[in-house]
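The primary structure of each chain is shown beneath.
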Amino acid sequence: FDAQIAYARLEGRIGFAVTRTFTRLETARTWEVQIVFGPGSPVEPARQYRAWMKTHGRFVSMADKIAATPSAGRLLGALQAYLWGLPLEPADVKDWKGFMRSLGELSKAAPDSAPGRLWARLPAGGKKAVQSLLASEWKDDYSKSEVTRAFADMLKAGAATPADLEEVFPGQLGPPASWGGAISSAFLSDLAASGVDRACLTLNDLTAGAARPDVARTAADLGYLYGPYDCYDSVHSPHAKNTWETAQFDADLFAHGGVVDEHGKPRGGFQQAGHVLSAAAARPYLEKRVSGMLAKVPYTLWFMDCDGAGQYFDDYSPEHPASQAQDCAARIDRLNWITSTFGLPIGSEGASATTAGRICFAHGMLSGAIGWADKDHSDEHSKWWLGTYWPPEEPEYFFRRCPLKPRFRIEQYDPRFRLPLYETAMHDAVIATHHWETPSLKFKDEIVSSALMEQLYNVPALYHLTKGEFARIKKGLLAHYRFFSPLHRRLGLQPLTEFRWLTPDRLVQRTTFGDGTTLTANFRKTPWTGDGLTVPAGSV
C-alpha cells in the first residue's frame with residue numbers, strides 16, 4: 001500500500017527503486033523490504049513469493065475455498081464465458097406479420113386492457129420506435145431491433161413480464177424459454193447437449209438476467225455457475241446522462257459516499273465519471289442490492305468488478321476516512337459477506353495477492369485490457385480498430401476479430417517473453433484467465449499462441465457468447481474444452497512447480513505440476529522432437 005516500484009537500466013544492468021509514502025491516515029511508520037536470492041529458475045521469484053505468503057498465512061488454496069464453499073468445485077474444468085443477449089430479440093418474434101398487427105393496436109387499446117396497460121408502461125422512446133416501425137415503408141432489421149429492444153428494456157426493468165408479452169402478442173412470439181439469445185434456457189440446454197458439462201457463465205451486466213429467473217434455475221439444474229456482473233467502484237449522480245447501472249444508487253450516496261483526496265476534492269470515478277465510491281459508504285447499498293437480486297433470481301456465482309484489481313484508495317473524507325489498507329480490508333470483508341451469507345463463489349477483474357484469499361476465479365491475469373487507449377486501436381478507420389460498443393446484444397468491441405499491434409504482442413503474447421509467474425504463485429488458489437476485453441479469440445493473429453498459453457499454464461480460455469457466435473466457434477471451442485477440462489479437473493488443485501524453455505529460441509516450453517504432470521507446448525511452425533516426444537507445430 002502507498003508503495004511504488006520503478007525499474008531502470010543502470011550501467012547496462014537492470015536496477016530498481018522502491019518508494020513508500022506514509023500518509024496521515026496510517027498509524028504505522030515502519031516498513032520492511034526483504035530481498036531473497038534463490039535458484040536460477042525463471043519462475044523462482046514467484047516460488048519465493050508463494051513461500052512467503054504461506055509462511056505468513058496469506059495463502060488460501062482452492063481446496064480450502066471449495067471446502068468452505070462447495071459449489072466452487074464446479075469451477076474445476078469449467079468453460080469460462082460471458083453471455084450476451086437481450087430478454088427479447090427480433091429472432092424471438094416468430095410471426096412478424098401478426099406482431100406488427102398487434103403493435104398497431106397498442107396505442108388504440110382501452111387503458112384497462114392488457115395491451116393498453118403495456119402501452120402505458122412503454123417508455124417514450126419505445127413508443128417512438130413502435131410508431132416509426134409502423135410508419136416506415138420498409139420494415140428493416142434496425143427498426144425491428146429498436147422495437148424489440150424497447151420491450152427487452154421493460155423486461156429488464158420489471159415493467160413487464162414474459163406472460164404480459166405473451167398475452168398481448170398471442171402466438172406471435174416463440175416460447176419464453178428460448179427468448180434472450182445466449183441468456184436463455186434453450187441456449188444453456190444446447191450448450192450442455194454439445195458436451196459442456198461444466199461452465200462458469202458471467203452475464204454482461206448487472207440486470208441482464210433480472211427478468212429471467214428461469215434461466216438461472218436451468219443453469220443450476222445443469223450444474224453451471226451463473227451470475228451477474230456487479231461493481232461498487234464508482235457512484236454517479238442520479239441525473240447523469242452518461243452513466244451505467246452499477247454506478248447508480250441515490251443522491252445521498254453521490255453527495256456523501258465519494259472518496260476524497262488529500263486536498264479535499266472528490267476523486268473522479270472510472271473514465272472520470274462521478275466519484276470513486278468509498279467501500280465503507282457503499283456497504284449498506286451492496287447488502288441491499290445483492291440480497292434483493294438474489295431474492296428474485298437464484299444466481300450461483302457473483303462477479304465483483306474492480307475489487308480484485310489491486311487498486312486501493314486513501315480516503316480523506318471526514319465521513320468515512322480510510323487508508324489504502326483499510327479500503328482493501330473493507331473490500332475483502334464485503335466479498336466474505338457475499339460468500340458466507342449466500343454460499344456463492346466470487347469472481348473479479350484480477351486477483352491481486354491482497355484479495356486472492358477470497359476470490360475463486362479472476363478475469364485479467366493472463367492478459368489485461370490491451371490497446372483501448374491506443375489511437376490506432378481506437379480509430380474505426382484503422383485495421384487495428386477494436387470495435388464499437390454497439391449493438392447492446394452483441395457489442396462489436398467484444399466480438400470483432402482484429403489484428404494486434406506488434407508492440408502489444410511483445411508485451412502480452414510473444415512466448416519468448418512470457419513467464420507463468422502468477423500461475424506459479426497462485427495456480428492452486430485462483431482460476432485465472434483473460435480480461436473480458438481480450439478474450440481468447442479477440443486478436444485473430446494471436447489465437448494459436450493464446451490457446452497454447454492457456455493449455456500450457458492449465459488455465460481456461462475465455463469467450464463471449466451469443467447464439468450466433470457459439471454456432472460460429474463451436475467446433476474449436478469444444479475441441480479446446482475436451483482437452484482442457486479433464487486436465488484442469490486433475491490439475492486445478494495442484495501447484496505449478498516448474499517452467500522451462502526446452503530450446504534456445506524459447507519456443508518450446510514445459511510446465512510441471514505438483515503431481516508430476518508435465519505439459520509441453522510447441523510455439524514453432526515446425527514439429528519438435530525431444531525427450532521421447534514429438535510435438536506438432538502449434539500444439540501441446
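Preceding block: the structure.
Here's what I pulled together on the structure shown here. (Residues numbered from 1 in each chain as written. Predicted model: local features only at pLDDT ≥ 70, side-chain atom pairs only at ≥ 80, totals over all residues. Heavy atoms only, no water.)

### What to know about the overall build of the protein chain
Phase 1 of the analysis: Assigned secondary structure in the protein chain consists of 17 helices and 18 strands.
Phase 2 of the analysis: Compactness check: the protein chain gives a C-alpha radius of gyration of 25 Å against a globular reference of 24 Å for 540 residues, within 12% of the reference.
Phase 3 of the analysis: Counting only C-alpha atoms and orienting by the principal axes, one finds that the protein chain spans roughly 80 × 65 × 50 Å.
Phase 4 of the analysis: Burial analysis of the protein chain (540 residues in total) assigns 53% to the buried set.
Phase 5 of the analysis: Restricting to contacts in the protein chain with at least 6 residues of sequence separation, those with at least 24 account for 67%. (Helix = DSSP H or I, 4+ residues; strand = E, 2+ residues; numbered from the N terminus. Rg over C-alpha atoms; globule rule 2.2 N^0.38 Å. Buried < 20%, exposed > 50% of the residue type's maximum accessible area, 1.4 Å probe, protein only. Contact = heavy atoms within 4.5 Å.)

### Topic: the sheet that holds strand β15 (residues 508-513)
Remark on secondary structure: sheet strands pair via backbone hydrogen bonds, oriented parallel or antiparallel.
Phase 1 of the analysis: Read from one edge of the open sheet, three strands run β14-β15-β16, paired in antiparallel fashion. Strand pairing shows two members of the sheet lacking a second neighbour, β14 (496-501) and β16 (518-522), which therefore form its edges. The mean angle between the axes of side-by-side strands here comes to 15°, regardless of whether they run parallel or antiparallel.
Phase 2 of the analysis: For β14 and β15, the ladder comprises five bridges, and the chain directions are antiparallel. Bridging across to β15, Glu498 finds its partner in Thr512.
Phase 3 of the analysis: Set on the sheet, helix α16 (residues 447-457) makes contact with β14, β15 and β16; between it and β15 the angle comes to about 30°. (Pairing = 2+ DSSP bridges. Axes fitted to C-alpha atoms, helices over the stretch in contact; angles between N-to-C directions.)

### Brief notes about the packing of aromatic side chains
Phase 1 of the analysis: All chains considered together, the criterion is met by 29 aromatic pairs.
Phase 2 of the analysis: Ring centres 6.5 Å apart and planes at 75° place the aromatic pair Phe99 and Phe151 in the edge-to-face group. Here the residue Phe99 occupies a position in helix α3 (residues 96-106), and Phe151 occupies one in helix α6 (residues 141-157), the gap between them amounting to 52 residues.
Phase 3 of the analysis: With relative accessibility at 0%, the residue Phe99 sits in the buried group.
Phase 4 of the analysis: Ring-pair connections join several aromatic residues into one group, and the members of that group are Tyr82, Trp84, Tyr229, Phe303, Phe361, Tyr389, Tyr397, Phe398, Phe399 and Trp436.
Phase 5 of the analysis: Taking the ring centre of Phe22 as reference, the NZ or CZ of Arg20 above it sits at 4.6 Å.
Phase 6 of the analysis: If you follow Lys144 out to its NZ or CZ, it ends over the ring of Trp96, 4.8 Å from the centre. (Phe/Tyr/Trp six-rings, centres within 6.5 Å; stacked < 30°, edge-to-face > 60°. Lys NZ or Arg CZ within 6 Å of the ring centre and 35° of its normal.)

### Some details on the packing of α3 against helix α5 (residues 124-135)
Phase 1 of the analysis: Two numbers describe how α3 lies on α5: the axes approach to 10 Å, and their chain directions differ by 120°. Accordingly, the angle class assigned to the pair α3 and α5 is oblique. Between α3 and α5 the crossing geometry is left-handed. Each of Trp96, Met100, Leu103 and Gly104 in α3 lies in contact with α5, whose residues at this interface are Val130, Leu133 and Leu134.
Phase 2 of the analysis: When grouped by side-chain class, the residues that make up the contact of α3 with α5 number six nonpolar, one polar and no charged. (Parallel < 35°, antiparallel > 145°, perpendicular 65-115°, else oblique. Left-handed = near helix turned anticlockwise from the far one by under 90°. Nonpolar A, V, L, I, M, F, W, Y, C, P; charged D, E, K, R; others polar.)

### Some thoughts on the sheet that holds strand β13 (residues 462-465)
Phase 1 of the analysis: Spatially, four strands are ordered β5-β4-β3-β13 in an open sheet, and the strand pairing comes out parallel. Looking at which strands have only one partner, the edges of the open sheet turn out to be β5 (225-227) and β13. Shown here is a sheet whose adjacent strand axes are inclined to one another by a mean of 20°, direction ignored.
Phase 2 of the analysis: Sitting on the sheet, helix α8 (residues 185-193) touches β3 (79-83), β4 (199-203) and β13, and the angle it makes with β3 is about 160°.
Phase 3 of the analysis: Where helix α17 (residues 467-491) meets the sheet, its contacts fall on β3 and β13, and the angle it forms with β13 comes to roughly 155°.

### Some thoughts on the layout of surface pockets
Phase 1 of the analysis: Here the second largest pocket is characterised by a volume of approximately 590 Å³.
Phase 2 of the analysis: Lining the second largest pocket we find 23 residues, and of these Lys156, Thr207, Ala210, Met293 and Lys296 sit closest to its centre.
Phase 3 of the analysis: Residue assignment for the lining of the second largest pocket shows that the elements contributing at least two residues are α6 and α11 (279-296).
Phase 4 of the analysis: No other element matches the six residues that α11 contributes to the lining of the second largest pocket.
Phase 5 of the analysis: Tallied by class, residues from the lining of the second largest pocket come to 13 nonpolar, four polar and six charged. (1 Å grid on protein atoms, 1.4 Å probe; cavity = no way out; pocket = protein on both sides within 12 Å on 5 of 7 lines; lining within 4 Å. Points joined across faces, edges and corners; volume = space filled by probe spheres on them.)

### Some words on the pairing of β3
Phase 1 of the analysis: β3 sits mainly inside the fold: five of its five residues count as buried.
Phase 2 of the analysis: Burial of the side chains of β3 extends over both faces: Leu79, Ala81 and Leu83 are buried on one face and Gln80 and Tyr82 on the other.
Phase 3 of the analysis: As judged from the five bridges shared by β3 and β4, these two strands associate in the parallel manner. Bridging from a neighbouring strand, Leu79 pairs with Ala199 of β4.
Phase 4 of the analysis: Bridge count for β3 against β13 is four bridges, and the pairing is parallel. Pairing of Gln80 across the sheet is with Leu462, part of β13.

### Quick notes on the nonpolar core
Phase 1 of the analysis: Membership of the largest hydrophobic core comes to 61 residues, with the highest contact counts inside it found for Leu83, Tyr226, Trp302 and Leu465.
Phase 2 of the analysis: The element that contributes the greatest number of residues to this core is α11, accounting for six residues.
Phase 3 of the analysis: Residues contacting Leu83, with those up to four places away along its chain left out, are Ala182, Ile183, Phe187, Leu188, Leu201, Thr202, Leu203, Asn204, Tyr226 and Leu465.
Phase 4 of the analysis: Counting residues in hydrophobic clusters, the runner-up holds 43 residues, among them Met62, Tyr82, Tyr397 and Leu487. (Core = buried A, V, L, I, M, F, W, Y, C linked by side-chain atoms within 4.5 Å.)

### A few points about the side chain of Arg289
Phase 1 of the analysis: Along the chain, the position of Arg289 falls in helix α11.
Phase 2 of the analysis: Residues within four places of Arg289 in sequence aside, it is in contact with Leu206, Asp230, Cys231, Tyr232, Glu245, Thr246, Gln248 and Phe249.

### Considering the pattern of salt bridges
Phase 1 of the analysis: For the structure on display, the rule yields 32 salt bridges.
Phase 2 of the analysis: If you follow the salt bridges from partner to partner, you end up with Asp374, Lys375, Asp376, Lys405, Arg407 and Glu411 in one network. (Salt bridge = Lys/Arg side-chain N within 4 Å of Asp/Glu carboxyl O.)

### Some thoughts on the environment of Val33
Phase 1 of the analysis: You can see Val33 is positioned in the loop between β2 (13-20) and α1 (44-55).
Phase 2 of the analysis: The exposure class of Val33 is exposed, given its relative accessible area of 54%.
Phase 3 of the analysis: Taking the C-alpha atoms as reference points, Val33 and Asp190, separated by 157 residues in sequence, lie 54 Å from one another.

### Let's talk about the state of the cysteines
Phase 1 of the analysis: Counted by the stated rule, this structure contains zero disulfides.
Phase 2 of the analysis: In this structure Cys328 is a free cysteine whose sulfur lies 14 Å from that of Cys306, the closest cysteine sulfur available.
Phase 3 of the analysis: Here Cys328 falls in the buried class, since its relative accessible area comes to 4%. (Disulfide = S-S within 2.5 Å.)

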